[in-house]
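If you want the building blocks of each chain, they are given just below.
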Amino acid sequence: MSDKPRILVTRRHLAEIEARLQRDYDIVLNEDDHIMTASEIIGAADGVDALFICVTEPLSEKTINALPNSVQAILTLSVGTDHIDLAAAEKRRLAVLTTPDAVTAATAEIGMLLLLGAARRAPESGRYLRAGKWQTWSPTQFVGVEITGRPLGIFGMGRIGRTVAERARGFEMKVHYRNRNRLAPDLEGSAVYFNDLGEFLAASEFLILCAPSTPETKGLLNAETIAQLPDGAIVVNIARGDLVDDAALIAALKSGKIAAAGLDVFNGEPANIDRRYFRLPNVFAVPHIGSAARQARTAMGMMLLDGFEALRAGQPASNRVV
Ligand code: DGY
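What you see is a predicted model; the values in this text were computed from it and never measured.

Looking at this structure, how should I read the packing of aromatic side chains?
This structure, assessed with the given rule, holds seven aromatic pairs. Geometrically, the ring pair formed by tyrosine 25 and phenylalanine 308 is tilted, given 6.1 Å between the ring centres and 35° between the ring planes. A residue pair is termed long-range when its members are at least 10 positions apart, and tyrosine 25 in the loop between helix 1 (15-24) and strand 2 (26-29) and phenylalanine 308 in helix 12 (residues 294-312) qualify at 283 residues. The two residues tyrosine 25 and phenylalanine 308 agree in class, both being buried. The interplanar angle of 75° and the centroid separation of 5.1 Å between the aromatic rings of tyrosine 128 and phenylalanine 142 together place this pair among those described as edge-to-face. Highlighted residues: tyrosine 128 in helix 6 (residues 122-130) and phenylalanine 142 in the loop between helix 6 and strand 6 (151-155), separated in sequence by 14 residues. With relative accessibility at 24%, the residue tyrosine 128 sits in the partly exposed group. The structure contains a cluster of three or more aromatic residues connected by ring pairs, namely Phe155, Phe194 and Phe200.

Below you can see the structure in the form of structure tokens.
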């Protein structure tokens, strides 16, 4: 038996990450990258020191309580923790490490891509071109709206929200935000804080959701809040699907109340997404690729292993959430 720490790795990773895992750890690797069930995870965790998981492996209280005693830490390749029952982990004295910072730039880039693509009708015009339908240039074809100089409401002004704000300023957008708390002046910059949700929404010609999924943010975008947006608003979600009430958003996209949406995350993803989104021409949808950039995914894995090594050395890990 190896004296290296043993880690259960539930998914396949970029080569640099797997090389470090192979070099420094005794790993139990899910070779074929299938989605492991809770009971498979519990079984495969026998004798392991840590689980190296992703958002694809929900760890409920029941699963956490059934993990073998050898497990000391959960390393999740995500900044979001809504797939883990943190209270249960804390109760079992399991450390939970995440990937703050590593995902920030990549996710903000997807936010800008969706904002631009939704505003300028990128998916719709691209499909038209590929279908061989393009006959002539036309002054009235695929006319979208400029984002330059327009008001952008950022819901959730954490690292990702603030980075979106910086990128949006490059487009001269007028940034305002909602957050659990108003930011300190050095973090707030020129962004305008709205204490009142209704006033925030009414000012959000463009709205981007960047907040984590919590009991307070779930269902934030619903029929009532959509009604408070300006007519023809453009909405982007790079947070979590459950911030949105799908039926309300789909109805608003059909009526034109919302002109277009850019969506990276969905309720029920991947198998049970409301497929009505895919029939709407004004939806720019991508499959949860916010952090899917080589730099980000490498940094995420390295950050988890650095944190785990710090813990093993009895040091604090800056990416420890529990
Ligand atoms: C995150 O970091 O939470 C992403 O949504 C997935 O890794």
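Please clarify how the sheet that holds strand 3 (residues 50-53) should be interpreted in this entry.
In any sheet, the strands associate via hydrogen bonds between backbone groups, in a parallel or an antiparallel arrangement. Taken together, the five strands give an open sheet; going across it, the order is 2-1-3-4-5, and neighbouring strands pair in parallel fashion. The sheet terminates laterally at strand 2 and strand 5 (95-97), the two strands that pair on one side only. Mean inter-strand twist for the sheet, computed between neighbouring axes without regard to direction, equals 20°. Here strand 4 (residues 73-76) pairs with strand 5 via three bridges, running parallel. Bridging across to strand 5, isoleucine 74 finds its partner in valine 96. With respect to the sheet, helix 1 is in contact with strand 1 (6-9), strand 2 and strand 3, its orientation differing from that of strand 2 by roughly 130°.

How should the environment of glycine 170 be read in this particular structure?
When you line up the elements, glycine 170 lands in the loop between helix 7 (159-169) and strand 7 (174-178). Looking at glycine 170, the relative accessible area reads 62%, which means it is exposed. Sequence separation of glycine 170 and tryptophan 134 is 36 residues, and the distance between their C-alpha atoms is 32 Å.

Please clarify how the sheet that holds strand 12 (residues 283-285) should be interpreted in this entry.
Read across the sheet, seven strands follow the order 8-7-6-9-10-11-12 without closing on themselves; strand pairing throughout is parallel. What marks the edges here is a single partner per strand, and that holds for strand 8 (192-193) and strand 12. Relative to strand 9 (residues 206-209), strand 6 is paired through four bridges, and the arrangement is parallel. Bridging from a neighbouring strand, isoleucine 154 pairs with isoleucine 208 of strand 9.

Explain the packing of helix 1 against helix 12 to me, please; I cannot follow it from the model alone.
Helix-helix packing: each pair is described by the crossing angle between the helix axes and the interaxial distance. The N-to-C vectors of helix 1 and helix 12 enclose an angle of 20°; their axes lie 9 Å apart at closest approach. Between helix 1 and helix 12, the crossing angle belongs to the class labelled roughly parallel. Between helix 1 and helix 12, the residues in contact are Glu16, Ile17, Arg20, Leu21 and Asp24 and Arg294, Arg297, Thr298, Gly301, Met302, Leu305, Asp306 and Glu309, respectively. Looking at the contact of helix 1 with helix 12 residue by residue, the class counts come to four nonpolar, two polar and seven charged.

Help me out: how do you make sense of the pairing of strand 3 in this one?
If a strand is regular, its side chains alternate between the two faces of the sheet. Across the two faces of strand 3 the burial is the same, with Ala50 and Phe52 and Leu51 and Ile53 all buried. Across three bridges, strand 1 lies against strand 3 in parallel orientation. By the bridge assignment for strand 3, isoleucine 7 is matched with alanine 50. In terms of strand pairing, strand 3 meets strand 4 through four bridges, oriented parallel.

Explanation requested: the domain arrangement of the protein chain in the structure shown.
Under the domain assignment, the protein chain is made up of domain 1 (6-102 + 294-312) and domain 2 (104-285). Each of domain 1 and domain 2 has a C-alpha centre, and these two points are 31 Å apart. Taken together, the contact between domain 1 and domain 2 spans seven residues of the former and five residues of the latter. Roughly 520 Å² is buried in total at the junction of domain 1 and domain 2, and carbon and sulfur atoms are behind 45% of that figure. At the junction of domain 1 and domain 2, the tally comes to two salt bridges. Residues arginine 240 and aspartate 82 are paired through a salt bridge, measuring 3.1 Å at the closest nitrogen-oxygen approach. Where domain 1 packs against domain 2, one counts three residue pairs in polar contact (both at pLDDT 80 or more). Its residues placed into classes, the side of domain 1 that touches domain 2 shows four nonpolar, one polar and two charged.

The rules we used
Residues numbered from 1 in each chain as written. Predicted model: local features only at pLDDT ≥ 70, side-chain atom pairs only at ≥ 80, totals over all residues. Heavy atoms only, no water. Phe/Tyr/Trp six-rings, centres within 6.5 Å; stacked < 30°, edge-to-face > 60°. Helix = DSSP H or I, 4+ residues; strand = E, 2+ residues; numbered from the N terminus. Buried < 20%, exposed > 50% of the residue type's maximum accessible area, 1.4 Å probe, protein only. Pairing = 2+ DSSP bridges. Axes fitted to C-alpha atoms, helices over the stretch in contact; angles between N-to-C directions. Contact = heavy atoms within 4.5 Å. Parallel < 35°, antiparallel > 145°, perpendicular 65-115°, else oblique. Nonpolar A, V, L, I, M, F, W, Y, C, P; charged D, E, K, R; others polar. Domains from an automatic or database assignment. Buried area = accessible area lost by both parts, 1.4 Å probe. Salt bridge = Lys/Arg side-chain N within 4 Å of Asp/Glu carboxyl O. Polar contact = N/O pair within 3.5 Å; in protein donor to acceptor, adjacent residues only side chain to side chain.

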